[in-house]
Amino acid sequence: MMNMNDLEDLPVLHGRAIILLEDDDLQDAIAGMKSSDHVVSAQVSRVIETVPARPVDGVYIKRRRLIWLFVAGVLFLVVIILGISFGLSVDSSQQLEPVSSSSFSLPATIEKFATSLPDYTQSALQKELLNANYSGAYWFMYDEWDNEHEFSPQSPQGKAWKWLVSDKGLSSRSLSDITLRFALATFYYATNGPNWKNNTNWLTSEDVCSWFCVSQNTQIPHSYSDYLDYCQRSGFSQLLLSDNGLIGSIPLELALLTDLNVVKVGSNALYGDISDILWASWSGARALEFQFNYNLTGTLPSVIGEFSNLMFLNIQANRFYGTLPSQIGRLSALWLFTAPQNEFTGSIPREIGRMKSLQSFVVAENALTSSIPTSIGRLFNMYAFDVGMNQLTGSIPFQIEDCMNLLSFRVLSNALTGSIPVTASRLTRLQALLLNNNTLMGSLPSELGGLESLFDLDVSSNAQITGTLPSELDQLAKLTNLRVFDTNISGSVPSGVCNAFLAQNVVSNILIDCDQVDCDCNCTCG
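This write-up is about the structure you can find in this document. (Residues numbered from 1 in each chain as written. Predicted model: local features only at pLDDT ≥ 70, side-chain atom pairs only at ≥ 80, totals over all residues. Heavy atoms only, no water.)

Points about the overall build of the protein
Thought 1: Counting its secondary structure elements, the protein contains 10 helices and 25 strands.
Thought 2: The buried share of the protein, taken over its 526 residues, is 46%.
Thought 3: Put simply, of all contacts in the protein between residues at least 6 apart along the chain, 56% involve residues at least 24 apart.
Thought 4: Accessible area for the protein stands at about 26,400 Å²; split by element, carbon and sulfur atoms hold 52% of it. (Helix = DSSP H or I, 4+ residues; strand = E, 2+ residues; numbered from the N terminus. Buried < 20%, exposed > 50% of the residue type's maximum accessible area, 1.4 Å probe, protein only. Contact = heavy atoms within 4.5 Å. Areas by Shrake-Rupley, 256 points an atom, 1.4 Å probe, with all protein chains shown as cover.)

A look at unusual backbone geometry
Thought 1: Of note, the phi angle at Tyr294 is positive, near 75°, even though the residue is not glycine.
Thought 2: Here Tyr294 lies in the loop between strand S7 (287–289) and strand S8 (295–298).
Thought 3: You can call Tyr294 partly exposed: its relative accessible area is 49%.
Thought 4: Located in the positive-phi region is Ser461, a residue other than glycine, with phi close to 55°.

Notes on the state of the cysteines
By definition, a disulfide links the sulfur atoms of two cysteine residues through a covalent bond.
Thought 1: Summed over the entire model, instances satisfying the criterion amount to three disulfides.
Thought 2: Disulfide pairing is shown between Cys498 and Cys521; the S-S distance is 1.9 Å. Taking the torsion about the sulfur-sulfur bond, which here is approximately -60°, the covalent link between Cys498 and Cys521 counts as left-handed. Taken together, the residues Cys498 in helix H10 (residues 495–504) and Cys521 in the loop between strand S24 (517–518) and strand S25 (524–525) connect sequence positions 23 residues apart.
Thought 3: Of the residues examined, Cys498 reaches a relative accessible area of 7% and is grouped as buried.
Thought 4: Taking relative accessible area as the criterion, Cys521 reaches 10% and is therefore assigned buried.
Thought 5: Two residues, Cys514 and Cys525, share a disulfide whose sulfurs are 1.7 Å apart. Torsion about the S-S bond of the Cys514 and Cys525 cystine: about -105°, corresponding to left-handed handedness. (Disulfide = S-S within 2.5 Å.)

Some details on the sheet that holds S24
Thought 1: Here we have four strands laid out as an open sheet, ordered S18-S20-S22-S24, and parallel in their pairing. At either end of the open sheet lies a strand with only one pairing partner, and these are strand S18 (441–443) and S24.
Thought 2: Pairing between S18 and strand S20 (residues 464–468): three bridges, direction parallel. The partner of Gly442 across the bridge, within S20, is Ile465. (Pairing = 2+ DSSP bridges.)

Digging into the sheet that holds strand S10 (residues 319–323)
Thought 1: As summarised here, the arrangement of the six strands in space is S4-S6-S8-S10-S12-S14, forming an open sheet in which the pairing is parallel. Across the chains shown, the open sheet's two edge strands, defined by having one partner strand only, are strand S4 (247–248) and strand S14 (367–368).
Thought 2: Note: S4 against strand S6 (residues 269–273), two bridges, orientation parallel. Counted as the bridge partner of Ile247 is Ala269 from S6.

Brief notes about the nonpolar core
Thought 1: By size, the foremost hydrophobic cluster in this structure holds 114 residues, and its most contacted members are Trp282, Phe290, Phe337 and Phe361.
Thought 2: When neighbours within four sequence positions are excluded, Phe361 is seen to be in contact with Leu324, Phe337, Ile348, Ile352, Met382, Ala384, Phe385, Asp386 and Val387. (Core = buried A, V, L, I, M, F, W, Y, C linked by side-chain atoms within 4.5 Å.)

Observations regarding the pattern of salt bridges
Thought 1: Overall, the coordinates contain eight salt bridges when judged by the stated rule.
Thought 2: A salt bridge links Lys197 to Asp243, with the nearest nitrogen and oxygen atoms 2.8 Å apart. Taken together, the residues Lys197 in the loop between helix H7 (175–190) and helix H8 (224–234) and Asp243 in the loop between strand S3 (238–240) and S4 connect sequence positions 46 residues apart.
Thought 3: Judged by relative accessible area, Lys197 falls into the exposed class, the value being 60%.
Thought 4: Ionic pairing is found between Arg483 and Asp456, a salt bridge with its closest N-O pair at 2.7 Å. Note that Arg483 is positioned in strand S21 (residues 481–483) and Asp456 in strand S19 (residues 456–458), a separation of 27 residues in sequence. (Salt bridge = Lys/Arg side-chain N within 4 Å of Asp/Glu carboxyl O.)

Remarks on helix H4 (residues 108–116)
Thought 1: Of all the positions in H4, only Ile110, Phe113 and Ala114 are classed as buried. Down the axis, H4 shows its buried residues gathered within 95° of arc, on one side only. Residues of H4 that are exposed and angled more than 90 degrees away from the buried face: Ala108, Lys112 and Thr115. (Arc of directions from axis to C-beta.)

Focus: a positive patch on the surface
Thought 1: A cluster of basic residues, Arg350, Arg354, Lys356 and Arg378, forms a positive patch at the surface.
Thought 2: With respect to the element layout, Lys356 can be found in the loop between strand S12 (343–346) and strand S13 (360–362). (Patch = residues over 30% accessible without salt bridge, like charges linked within 9 Å, V, L, I, M, F, W, Y side chains within 5 Å. Lys, Arg positive; Asp, Glu negative; His and termini not counted. Charge placed at Lys NZ, Arg CZ, Asp CG, Glu CD.)

See the structure below:
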C-alpha cells in the first residue's frame, strides 16, 4: 500500500500530482492527502485518475519510450525524403536561388522593373545568366554571386544589370530612375564607355544630371545648381556625346528613355543598324545627329513623318541606304535635313515642297536619280540646297526664283541638261552658284550680273555652254571664285571682274581655258 511519503515523490505537471494507483490504494491515498499539508486546486475536478490495476514496473516505461523513439525516427525519415525530392526538382529546372554573403535585399521596384523590360533585353540577360547557371523566375533577385556561380557578364545588358543591382542606394530610387540608369549604363558598356575621352561621373551613384554631357542645355543658366534643377525638373531629355571616342553599336535599350528628345553622337566610331525600334522611340525628338560615324547603317523609316517636333536631322557620312521616304514632307518643323555621303537611291520626293520650315536640304554624294522636283519653289525659307554628286537628270527648275532667301545652290556633278534659268537672277542673296560637271547648254545669262552677293560662280565642265563672259559680271563686287574652264566660252575676262579681285585684296581665283579666253589679272589655266 502507498503511503504519503511515496505520494510526495511522484512527478508534478503544472502543479498537479500525477498518480498511478491501484484500486485498493484509492481510499487510503485520499485520506492521507486530507491529513497532510497538500492543497488540492479547486480548478481541477479530478486530480487522481484511476487506471486498471496493473503492475507499475520498468517494462511499461521502456515500452512507451520505444514507441516514441519509433515515431520520431519515422518523422525524421519523412523530412529527409522531402528535402531530397525538393532539391532534385530545383536542380532539374535550373531554378537556383543565388546565395548572398550579405543581408542586402533588392527593393520591390526591381522586380517590377525587371518584368517590364522588353523581350530583347530580357532575352540578353537570361542568356547571360543561364551561362552562369542562374535562370528562371528569380534571375533578377540577386545582389552578388557566390564563388561557385560568379556572374561575369559579357553583354552590355548583363554588365549594366550587374552594375545596377550593386547600387546600395537602389532601394531609395524610383522606377523611372532605375530605368534611366540601366538604359544609360547599357549604352555606356555598348559604346566602350571606359575608354571615352570624357566619362566623368558615369556609372557613379551621382544623379545622372551630373554625368558628363547628359541633358545639358546651353539655353539655361550656367550655374551648376541651376543646371541640376533644370535637368531634374525637365527629366532626362538630352544625350550630347559628339566627338567623345564612342565605339560600338547603339543598343536598343536607349529606347527605354521615353523623354529623350536630343541625341547628338556625331564624330565617333559607331556602327551597325539604327533599328526601327530606336527610330520609333525618338518620335518626339527635336534633334538627331549621327554625322561622321561612317559605318552607321539602316534606312530612314516612314515613321519619321510622325516626328512633328524634329528640327535637325544630320546623318552625314555614314552608310544609310534605300530611298528617301515621301513622309519627310510631313516634317513641318524641320530646319535642317543633312544626309550627304550615304548610299541613298531613288528620287528626291516632291513632298519636300511641304516642308515650310526647311532651311537646308543637303543630300550630296549619294546615288539619287530622276529630276529636281519643281516643288522646291515653295521652300521660301531655304538658304542651302545641295544635291551635287548624284545621278540627277532633267533641267534646273525655273521655280528656284521663289527661293528668295537662298544663299547656296549646288547641283554639281550630275547629268543635268538645259540652260541656266534667267530667273536665277532674282536670288539677290545668293552667294554660291555651283553648276559644274553637268551637260548644261546655252550662254551665261547677262542677268547673273544682278547677283550682288555672289562670290562663287562655277560653270566649268559643261562643254555645251557657249558665248562670251557677260560684261555685266563687272557688277559682282564680291566675286572671289570664277571657274569657266572646259566650256566653249570665248572672249575675255571683263576688266571689272579683275578690278573686283584687286579691290578685295584677294588672290585671283579665275580658272579659264587660256586658249579661248584672254585675261589681264593673273588668271589660271584650267
